[in-house]
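The chain contents come next:
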Amino acid sequence: MENQHPTPAMERAPKVSFVSLGCPKALVDSERIITRLRAEGYELARSHAGADLAVVNTCGFLDSAQAESLAAIGKALASNGKVIVTGCMGAEPEKITSRYPQVLAVTGAQQYESVVEAVHRVLPPRHDPFLDLLPPEGIKLTPRHYAYLKISEGCNSRCSFCIIPKLRGELRSRSAADVLREAERLVTAGVKEILVISQDTSAYGSDLKYAASSWKGREVRARFLDLARALGELGVWVRLHYVYPYPHVDEVIPLMADGKVLPYLDIPFQHAAPTVLRRMRRPAAQEKILRRIARWREICPDLTIRSTFIVGFPGESEADFRLLLDWLEEAELDRVGCFRYEPVAGARANELTSPVPEAVKEERWHRLMRHQQAISARRLKRKIGSRQAVIIDKVATGKRSQASVGMMAAKGRTRGDAPEIDGTVHVTSRRPPRLGEIATVRIDRADEYDLHGTVIGF
Ligand code: SF4
């Protein structure tokens, strides 16, 4: 709400409300925009109604995500009236402006400068060199102890169901030194876990021809392995997301076995049937992948593998789907997410014949989830009796655990669980654990998705 009577000396800071939709990559974009706005003296409002201007960072990956983004824009317009839209949907501004002509500006993903300029036009910054200071690590939207670190933008692959390369362009990697400087700032600010993200993490640096850059008096190449090794030297947990299964991924497994980076790989395999993978325009050698997974586990027995799959892709036959279930049985992945195929406007897959009926997609989705649930539960059970390092994400305030009198309850994650998407460890402890602290926990039992244990040391 506008302040009608500002006194010149105490004029209040302009307030912006912010909605961030979509994946962790979009969250990183939001963090950058907010960091920049905060540096210029803007304040964040908790609600659209309490702001002078609303910014909506949209996701355009699937039609359902676009619908969610349009709904969020409508909501911001209804409760504030002044709205700027950015993010993936900004690649097709007419989709937004045809529905909401009153939107003040639309900018695309990664166009931080354009969003900030648009904010300046609508709501000029107040200049206050003392209040404009911000913490050197920037403003984070994640809890203090973990942070996403984006190492590149865009993607050179051309998966037929995906329009990310159209929305975000070709692969553009940051130099290794630039990434490492940001990582070090985060660690100095108290971050205990770095989640490395990009559209395609294992392709990192190929656009730079793996050029080296100078970091702490030595040269570090912009290569997946070299960057992972250097990040591993920072002394915090380093987790690798969105790794495309290129052969050179094998090189990073020994680093995991040595405890340099977390023994965790997030590889979206998407399917196992060669015919479906070919239609998806993805590598179709899942037999070889099975052998590689077995080898990875020989080298690093603690390795946790998370993946995502798409069921009901055009042309997926019952035989293809069964092959996928058999593959999952053999691969024994730890965590699996599954999507029902959904056409995305502009994707090449829309030209494919033999769509799978919605009812069949639904049925396959349930079958896959049931099938995988048993596999994940089996793998989780193997952890009973083991000792696990657990990072504490949530501390129960003032609550004693019901499990045993005098114990405190908290929630955390093992090295095999990423925040938001994987499981949780419910822990009890004699002394209250602190947020971001890494405790040694004895695992007492497991349920379908989560573990339960007792802290035996800090
Ligand atoms: S690897 Fe494939 S699915 Fe991932 S962003 Fe690139 S084109 Fe899209």
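Residues numbered from 1 in each chain as written. Predicted model: local features only at pLDDT ≥ 70, side-chain atom pairs only at ≥ 80, totals over all residues. Heavy atoms only, no water.

Colleague: A description of the site of the ligand should follow, citing residues and the corresponding values.
Modeller: Around the ligand sit Cys-155, Ser-157, Cys-159, Phe-161, Cys-162, Ile-164, Pro-165, Gln-199, Tyr-244 and Arg-282, and that is every residue in its neighbourhood. Within the shell around the ligand, the residues separate by chemical class into seven nonpolar, two polar and one charged. (Near = heavy atom within 4 Å. Nonpolar A, V, L, I, M, F, W, Y, C, P; charged D, E, K, R; others polar.)

Colleague: Could you give an account of the pattern of salt bridges, with specific residues and numbers?
Modeller: According to the stated counting rule, one finds 36 salt bridges in the structure shown. Across the pair Arg-168 and Asp-29 runs a salt bridge, and its minimum N-O distance is 3.2 Å. Highlighted residues: Arg-168 in helix α5 (residues 164-168) and Asp-29 in helix α1 (residues 24-39), separated in sequence by 139 residues. A relative accessible area of 6% places Arg-168 in the buried class. The class for Asp-29 is buried, based on a relative accessible area of 3%. (Salt bridge = Lys/Arg side-chain N within 4 Å of Asp/Glu carboxyl O. Helix = DSSP H or I, 4+ residues; strand = E, 2+ residues; numbered from the N terminus. Buried < 20%, exposed > 50% of the residue type's maximum accessible area, 1.4 Å probe, protein only.)

Colleague: Any chance you could break down the confidence of the model for the protein for me, citing the residues and the numbers?
Modeller: Confidence in the prediction for the protein averages 88 pLDDT; 92% of positions are at 70 or higher. For the stretch residues 1-10, pLDDT sits under 50, and the model shows ten contacts to residues farther than four places along the chain or on other chains. This stretch, residues 128-134, has a pLDDT under 50; its non-local contacts, to residues over four places away or in other chains, come to ten contacts. (pLDDT = per-residue confidence, 0-100. Contact = heavy atoms within 4.5 Å.)

Colleague: So what's going on with helix α7 (residues 224-232)? Which residues, and what values?
Modeller: A large share of α7 lies buried, amounting to eight of its nine residues. Three or more residues of α7 are buried, namely Phe-224, Leu-225, Asp-226, Leu-227, Ala-228, Ala-230, Leu-231 and Gly-232. Its buried side turned inward, α7 meets β6 (146-150), α6 (176-188), β9 (193-197), β11 (218-221), β12 (237-240) and α8 (253-257).

Colleague: Quick one: what's the story with the packing of aromatic side chains, residue by residue and with numbers?
Modeller: Across all of its chains, the model carries seven aromatic pairs by this definition. A ring pair is formed by Phe-309 and Trp-327, whose centres lie 6.1 Å apart and whose planes are at 65°; its orientation type is edge-to-face. One end of the pair, Phe-309, is in strand β14 (residues 304-311); the other, Trp-327, is in helix α11 (residues 318-331), and 18 residues separate them in sequence. We classify Trp-327 as buried; its relative accessible area is 4%. Through successive ring pairs, a cluster of aromatic residues spans Phe-161, Phe-313 and Tyr-341. Here the guanidinium or amino end of Arg-239 rests over the ring plane of Tyr-264, the centre of that ring lying 4.6 Å away. Geometry around Trp-365 places Arg-340 over its ring, the cationic atom sitting 4.1 Å from the centre. (Phe/Tyr/Trp six-rings, centres within 6.5 Å; stacked < 30°, edge-to-face > 60°. Lys NZ or Arg CZ within 6 Å of the ring centre and 35° of its normal.)

Colleague: An account of the nonpolar core is requested, with residue identities and associated values reported.
Modeller: Among soluble globular proteins, nonpolar side chains are generally buried collectively. Residues Trp-327 and Leu-333 are the most contacted members of the largest nonpolar core, which totals 58 residues. When sequence neighbours within four positions are dropped, the list of residues in contact with Leu-333 reads Phe-269, Ile-293, Arg-297, Ile-305, Ser-307, Phe-309, Trp-327, Leu-328, Gln-372, Ile-375, Ser-376 and Arg-379. Listed in part, the 16 residues of the second largest apolar core include Val-16, Ala-105, Tyr-112 and Leu-123. (Core = buried A, V, L, I, M, F, W, Y, C linked by side-chain atoms within 4.5 Å.)

Colleague: So what about the sheet that holds strand β3 (residues 53-58)? Which residues, and what values?
Modeller: The strand order across the open sheet built from five strands is β2-β1-β3-β4-β5, with neighbouring strands paired in parallel fashion. The open sheet has two free edges, formed respectively by β2 (43-44) and β5 (105-106), since each of these has just one partner strand. The sheet contacts of helix α2 (residues 63-79) involve β3 and β4 (83-87), and relative to β3 the element is tilted by about 180°. On the sheet, helix α4 (residues 112-122) packs against β1 (15-20), β3, β4 and β5 and is oriented at approximately 175° with respect to β4. (Pairing = 2+ DSSP bridges. Axes fitted to C-alpha atoms, helices over the stretch in contact; angles between N-to-C directions.)

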